[in-house]
Amino acid sequence: MTNKKQGQNTSIVHPEYRAPEGFASFPTAIHHASTVLFKDVEAMRSRSWLNKSAYTYGLHGTPTSFQLEGEIAHIEGGKHCVLAPSGLSAISLVSLTFLSSGDDVLIPDNAYGPNKEFGMWLKNSFGISVRFYDPMIGSAIGELILPNTRLIWAETPGSVSMEVADIPAICNAAHSRGVLVAVDNTWSAGLAFKPFDHGVDISMQALTKYQSGGSDVLMGAVITRDSELNNRILMTHMRLGLGVGMDDVYLVLRGLQSMKLRFEAHDIAARKIAAWLKTRPEIIKVLHPAWEDCPGHAIWKRDFTGAGGLFSVLFDEKFSEAQTDQFVNQLKLFKIGFSWGGSHSLCVPYRIETMRENWQDKGILVRFNIGLEDVDDLIADIEQSLNLL
Ligand SMILES: *Cc1c(COP(=O)(O)O)cnc(C)c1O
């Protein structure tokens, strides 16, 4: 309905909007906004973007993103959550918030590659000391802490080589020296590992993975329990102008409803396939935290309540890279591609010795993301490809 007295442009820009009275449905509505409207100047002046009880500008969120932040904080066992446009931007948001020139940060040698790359950039361009540590270091990390160490990153398990870190030991050593611990908790989706119950100060998730579940969205989150830490993260988030699209937020909200069931299905399927791989002579180690081959297996049993669909194997060293490449190429159901957590199975070979300061194992590392296909079909696919070797 247009107002006949107004010009066409005015009536298009100000259409008669009828609130959806008498309508109810399950999904969170997608509220798009750059401009957020205030009822008067007083309301505009009194609202602060730092205070999440009020809306101020699209960059600081709409009811849709506030809803997702609340749900992610709840799953993770935290109180506050800040969304970022990718998992990697969530990592850089944490590092930029808690590090200044002259500070020191410790990053595990098995961390997500771009986290280490971001660390090298901080070191080379911003005067921050960055050191990589053995992910199995445990409480001995205390010996690496310097007076200017401000932050320790952890990733558990490492998303390529799968070592499970002793987070409580790292947190104790860090906290007794006043150092913060941030964990990349993407592997567990916040379901199988509750970081704040083990002493972590800041948790980070790549929502791109299980939370989305669709291999179609990029998003990240930083979760805290402490409001002072959260406010510092929000300041950096504001200064960097990080925002997320509400259509993407909606997709993640939709994915969350089935996340626990999907995660459990990935876990069951991955363990069946890992067990089958363990029987094959081509494979010398199954790097899945539920197997003793995996460094930190006992820690996983102590601290985790499950696993997801991501694990790696080491081929016998008698197989050349050309052969393991052929193995990956000859898979039919498993596709070749980065990322994980979606319904499609993926397989990627890594040149692990080039990624690590001190990698001891021989044999080529191949990583599997087990999707939601029928397990027997996935095993048959791996079997036909192994048999071609
Ligand atoms: C994928 C991933 C990230 C980065 O997430 P993006 O959304 O792809 O930037 C960070 N950490 C881990 C462990 C990941 O697997």
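Conventions we followed
- Residues numbered from 1 in each chain as written.
- Predicted model: local features only at pLDDT ≥ 70, side-chain atom pairs only at ≥ 80, totals over all residues.
- Heavy atoms only, no water.
- UniProt positions renumbered as here; feature names shortened; annotations may be inferred.
- Helix = DSSP H or I, 4+ residues; strand = E, 2+ residues; numbered from the N terminus.
- Rg over C-alpha atoms; globule rule 2.2 N^0.38 Å.
- Buried < 20%, exposed > 50% of the residue type's maximum accessible area, 1.4 Å probe, protein only.
- Contact = heavy atoms within 4.5 Å.
- Lys, Arg positive; Asp, Glu negative; His and termini not counted.
- Charge placed at Lys NZ, Arg CZ, Asp CG, Glu CD.
- Domains from an automatic or database assignment.
- Buried area = accessible area lost by both parts, 1.4 Å probe.
- Axes fitted to C-alpha atoms, helices over the stretch in contact; angles between N-to-C directions.
- Parallel < 35°, antiparallel > 145°, perpendicular 65-115°, else oblique.
- Left-handed = near helix turned anticlockwise from the far one by under 90°.
- Nonpolar A, V, L, I, M, F, W, Y, C, P; charged D, E, K, R; others polar.
- Pairing = 2+ DSSP bridges.
- Right-handed = clockwise from strand over helix to strand, strands pointing away.
- Expected span 1.5 Å × (residues − 1).
- Arc of directions from axis to C-beta.
- Near = heavy atom within 4 Å.
- Polar contact = N/O pair within 3.5 Å; in protein donor to acceptor, adjacent residues only side chain to side chain.
- Areas by Shrake-Rupley, 256 points an atom, 1.4 Å probe, with all protein chains shown as cover.
- Disulfide = S-S within 2.5 Å.

As annotated in an unreviewed UniProt entry, the protein chain carries the name Cystathionine beta-lyase and comes from Undibacterium baiyunense. Its UniProt record, at the heading Catalytic activity (unreviewed entry), says of the protein chain: "L,L-cystathionine + H2O = L-homocysteine + pyruvate + NH4(+)". Under Cofactor (unreviewed entry), UniProt gives the following word-for-word description of the protein chain: "pyridoxal 5'-phosphate".

### Focus on the overall build of the protein chain
When helices and strands are tallied, the protein chain shows 13 helices and 11 strands. Its C-alpha atoms give the protein chain a radius of gyration of 23 Å, near enough to 21 Å, the size a compact globule of 389 residues would have. If one aligns the C-alpha atoms of the protein chain with their principal axes, the spans along those axes are about 80 × 55 × 35 Å. For the protein chain, the proportion of its 389 residues judged to be buried stands at 52%. When contacts within the protein chain are restricted to residue pairs at least 6 apart in sequence, long-range pairs at least 24 apart make up 72% of them. In the protein chain, 35 positive and 43 negative side-chain charges are present, and the distance between their average locations comes to 5 Å.

### Quick look at the domain arrangement of the protein chain
Each assigned domain of the protein chain is listed here: domain 1 (41–253) and domain 2 (258–386). Placing the centre of domain 1 and that of domain 2 at their C-alpha centroids yields a distance of 26 Å. If you look at the interface, domain 1 gives 33 residues, while domain 2 gives 37 residues. Roughly 2,900 Å² of surface becomes buried between domain 1 and domain 2 when both sides are summed, with 63% attributable to carbon and sulfur atoms. Three residues stand out in domain 1 for area buried against domain 2, namely Val 160, Trp 187 and Tyr 210, and they jointly supply 27% of the buried area on that side.

### Examining the packing of helix α11 (residues 321–330) against helix α13 (residues 375–387)
Two elements in contact, α11 and α13, have axes whose closest approach is 9 Å; the angle formed by their N-to-C orientations is 140°. Regarding the angle of α11 to α13, the classification is oblique. You can see that α11 and α13 cross each other, and the crossing is right-handed. Here Gln 326, Phe 327 and Gln 330 of α11 come into contact with α13, specifically with Ile 382, Gln 384, Ser 385 and Leu 386. Of the residues that constitute the contact of α11 with α13, the class distribution is three nonpolar, four polar and no charged.

### Some points on the pairing of strand β2 (residues 104–108)
Burial runs high along β2: five of the five residues are buried. Taking every second residue as pointing to the same face, both faces of β2 are buried, with Asp 104, Leu 106 and Pro 108 on one and Val 105 and Ile 107 on the other. Examined bridge by bridge, β2 and strand β3 (residues 129–133) share five bridges and lie parallel to one another. In the sheet register, Val 105 faces β3, and the bridge partner there is Val 130. With helix α5 (residues 113–126) bridging β2 and the parallel β3, this β-α-β connection has right-handed handedness. Where β2 meets strand β4 (residues 149–155), three bridges bridge the pair, whose relative direction is parallel. Bridge pairing links Val 105 to Leu 151 in β4.

### Observations regarding α5
Compared with an ideal rise of 1.5 Å per residue, which puts 14 residues at 20 Å, α5 spans 19 Å between its outermost C-alpha atoms and is within 8% of the ideal. Turning to α5, its buried residues are Asn 115, Lys 116, Phe 118, Gly 119 and Leu 122. The buried residues of α5 occupy one face: seen down the axis, they fall within an arc of 160°. Turned more than 90 degrees from where α5 packs its buried face, Glu 117 and Asn 124 sit exposed. Looking at the buried side of α5, the elements it contacts are α4 (87–98), β2, β3, β4 and α12 (352–355).

### Re the sheet that holds strand β1 (residues 80–84)
Sheet strands pair via backbone hydrogen bonds, and the direction of the pair is either parallel or antiparallel. Here seven strands make up an open sheet; going across it, the order is β1-β7-β6-β5-β4-β2-β3 and the pairing mixed. The open sheet has two edge strands, β1 and β3, and neither has a second partner. Along the sheet, successive strands turn relative to each other by an average axial angle of 20°, direction set aside. Here helix α3 (residues 63–76) sits on the sheet and contacts β1, β6 (202–206) and β7 (220–224); the angle it forms with β1, its principal contact strand, is near 120°. Contacts from helix α6 (residues 167–175) reach β3, β4 and β5 (180–184), with the element oriented near 155° to β5.

### A few points about the site of the ligand
Surrounding the ligand, one finds 15 residues, the nearest of these being Gly 87, Leu 88, Asp 184, Thr 208 and Lys 209. Interatomic distance of 2.7 Å between a backbone N/O atom of Gly 87 and an oxygen atom of the ligand. A distance of 2.5 Å is found between an oxygen atom of the ligand and a side-chain nitrogen or oxygen belonging to Thr 208. Notes on the ligand: free accessible area 380 Å², of which the protein chains cover 91%. Counting only elements with at least two residues in the shell around the ligand, the list comes to α4 and β6.

### A short note on the environment of Ala 182
The residue Ala 182 is located in strand β5 in this model. A sequence separation of 19 residues divides Ala 182 from Asp 201, and the C-alpha atoms of the two residues are 6.0 Å apart.

### Quick look at the state of the cysteines
Scanning all chains against the criterion turns up zero disulfides. Free of any disulfide, Cys 347 has its nearest cysteine sulfur in Cys 294, 17 Å distant.

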